[in-house]
Amino acid sequence: MTPIVLAAGAALLWGTSDFCGGKGSRRASALAVGLWSQLAGIPVLGLALLVVSGTPRVTDLAWGAATGVVGLAAIVLLYHGLSQGAMTVVSPVTAVTAAVVPLAAGLVLDGPLSGAALAGVAAAVVAIALVSAGQRGPHGPVTPALVGLALASGTLFGLAFVLLGQVGVDSGMWPLAGLRAGALVAGLSLVAGLPLVAGLPLVAGVKTELRLSGEALAWTALAGPLEVVGTACYLLAVTQGHLSVVAVLAALYPASTVLLALGVDRERLRLPQ
């Protein structure tokens, strides 16, 4: 039961972090918010390294760094897709793909699930689609390229789930140190026009203002620590539980984003949500 609770906690915290990051991105560059949130989470990461015992190994740090690079690529591609319009298509395609990839990987790596567990996972995937499909935004043409962008982003998110699940059970929070370093290096390389991974060239030439102030800074300062704690919950869950179950539950993060949008921004729920 503990991995289930931790995965649910990861979803809650990630969704809250996404809400804060989204609020900050309305007032500043999304890339700037992403990079500064990575830095804002470092003090919390340092505390986690002190509190949770673990053995720092090169392999676990490497898995974390790979997760950071892939995860940043997924976020950049997602923001790029959402900026093109048709959010009601891009968002659910990305979210469901992000759940299906680790589901398939978990069935291969960890073995089959029971019938009840499979039914629960299937229900969670449907819930992800319905919740995220409710997000509104500017509408644009739904082209094959846009769908491909959403699929690429979701695949990278799902791959990040899988990569972080490969760390050792006694690694503690050290993989998160590698993750933070990988994401920062990838983000700075993007700003410099030297993307590290495939897919980032789509937005590599976009200029960005890295300075934050006012509300953008405040929301970003919240987003970073929440993301670190959420990822820590996911790391603890995936090293104890079945990847297929843990990753799909964690992928329910759009639910808390929607609930916050309902309560804070007074957005309205749609029938599927």
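Please read all numbers here as calculations on a predicted model, not as lab measurements.

Q: Residues and numbers for the overall build of the protein, please.
A: On a plain count of helices and strands, the protein comes out with eleven helices and zero strands. Secondary structure elements in the protein, listed N-terminal to C-terminal, are α-α-α-α-α-α-α-α-α-α-α. For the protein, the residues scored as buried account for 48% of the 273 residues in total. Long-range contacts, defined as pairs at least 24 residues apart, comprise 90% of the intrachain contacts of the protein with a sequence gap of at least 6.

Q: Can you tell me about the nonpolar core, naming the residues and giving the values?
A: Of all hydrophobic cores here, the largest spans 53 residues; its most connected members are Val-121, Phe-161, Leu-176, Tyr-234, Leu-243 and Val-248. Discounting residues that sit within four places of it in the chain, Val-121 has contacts with Leu-103, Leu-113, Ser-244, Val-245 and Val-248. Residues Leu-31, Leu-35, Val-69 and Leu-184 belong to the second largest nonpolar core, which totals eight residues.

Q: Describe in detail the packing of aromatic side chains, supporting the description with residues and values.
A: In this structure the tally under the stated criterion is four aromatic pairs. A connected cluster of aromatic rings, assembled from ring pairs, spans Trp-14, Phe-161 and Tyr-234.

Q: For the pattern of salt bridges, give the residues involved together with the corresponding values.
A: In the structure shown here, the tally under the stated rule is three salt bridges. Residues Arg-57 and Asp-60 are paired through a salt bridge, measuring 3.3 Å at the closest nitrogen-oxygen approach. Two residues, Glu-227 and Arg-180, come together in a salt bridge whose shortest N-O distance is 2.6 Å. Within this pair, whereas Glu-227 is found in helix H9 (residues 214-238), its partner Arg-180 is found in helix H8 (residues 174-191), the two being separated by 47 residues in sequence.

Q: Can you tell me about the environment of Ser-256, naming the residues and giving the values?
A: Positionally, Ser-256 belongs in helix H11 (residues 254-264). Dropping the residues within four chain positions of it, Ser-256 is found in contact with Ala-11, Leu-12, Gly-15 and Thr-16. A distance of 3.3 Å separates the side chain of Ser-256 from the backbone oxygen of Leu-12, its partner in a polar contact.

Q: Describe in detail a nonpolar patch on the surface, supporting the description with residues and values.
A: A surface patch of nonpolar side chains, about 260 Å² in accessible area, is lined by Trp-36, Leu-39 and Ile-42. By the secondary structure assignment, Trp-36 is in helix H2 (residues 30-40).

Q: Got a sec to walk through the environment of Pro-254? Specific residues and values, please.
A: Within the secondary structure, Pro-254 sits in helix H11. With a relative accessible area of 5%, Pro-254 lands in the buried category. Between the C-alpha atom of Pro-254 and that of Ser-91, which follows or precedes it by 163 residues, the distance is 9.4 Å.

Q: Describe the confidence of the model for the protein, with residues and values.
A: Averaged over all residues, the pLDDT of the protein is 80; the fraction at 70 or higher stands at 82%. Mean pLDDT values over the elements of the protein span from 76, in helix H6 (residues 115-133), up to 92, in helix H3 (residues 42-51).

Q: An account of the packing of H9 against helix H10 (residues 243-250) is needed here, citing residue identities and associated values.
A: Two quantities define a packed helix pair, namely the angle between the axes and the distance from one axis to the other. The contact between H9 and H10 brings their axes to 9 Å, and the two run at 160 degrees. Of the possible angle classes, the one that applies to H9 and H10 is roughly antiparallel. Two packed elements cross with a definite hand, and for H9 against H10 that hand is right-handed. Across the interface between the two elements, Tyr-234, Ala-237 and Val-238 of H9 pack against Leu-243, Val-246, Ala-247 and Ala-250 of H10.

Q: With reference to specific residues and values, describe the environment of Leu-113.
A: Inspection of the secondary structure assignment puts Leu-113 in the loop between helix H5 (87-110) and H6. When the C-alpha atoms of Leu-113 and Val-245 are compared, they prove to be 8.6 Å apart, with 132 residues separating the residues in sequence. The residues touching Leu-113, leaving out its near neighbours within four places in the chain, are Leu-107, Leu-118, Val-121, His-242, Ser-244 and Val-245.

Conventions and cut-offs
Residues numbered from 1 in each chain as written. Predicted model: local features only at pLDDT ≥ 70, side-chain atom pairs only at ≥ 80, totals over all residues. Heavy atoms only, no water. Helix = DSSP H or I, 4+ residues; strand = E, 2+ residues; numbered from the N terminus. Buried < 20%, exposed > 50% of the residue type's maximum accessible area, 1.4 Å probe, protein only. Contact = heavy atoms within 4.5 Å. Core = buried A, V, L, I, M, F, W, Y, C linked by side-chain atoms within 4.5 Å. Phe/Tyr/Trp six-rings, centres within 6.5 Å; stacked < 30°, edge-to-face > 60°. Salt bridge = Lys/Arg side-chain N within 4 Å of Asp/Glu carboxyl O. Polar contact = N/O pair within 3.5 Å; in protein donor to acceptor, adjacent residues only side chain to side chain. Patch = residues over 30% accessible without salt bridge, like charges linked within 9 Å, V, L, I, M, F, W, Y side chains within 5 Å. Areas by Shrake-Rupley, 256 points an atom, 1.4 Å probe, with all protein chains shown as cover. pLDDT = per-residue confidence, 0-100. Axes fitted to C-alpha atoms, helices over the stretch in contact; angles between N-to-C directions. Parallel < 35°, antiparallel > 145°, perpendicular 65-115°, else oblique. Left-handed = near helix turned anticlockwise from the far one by under 90°.

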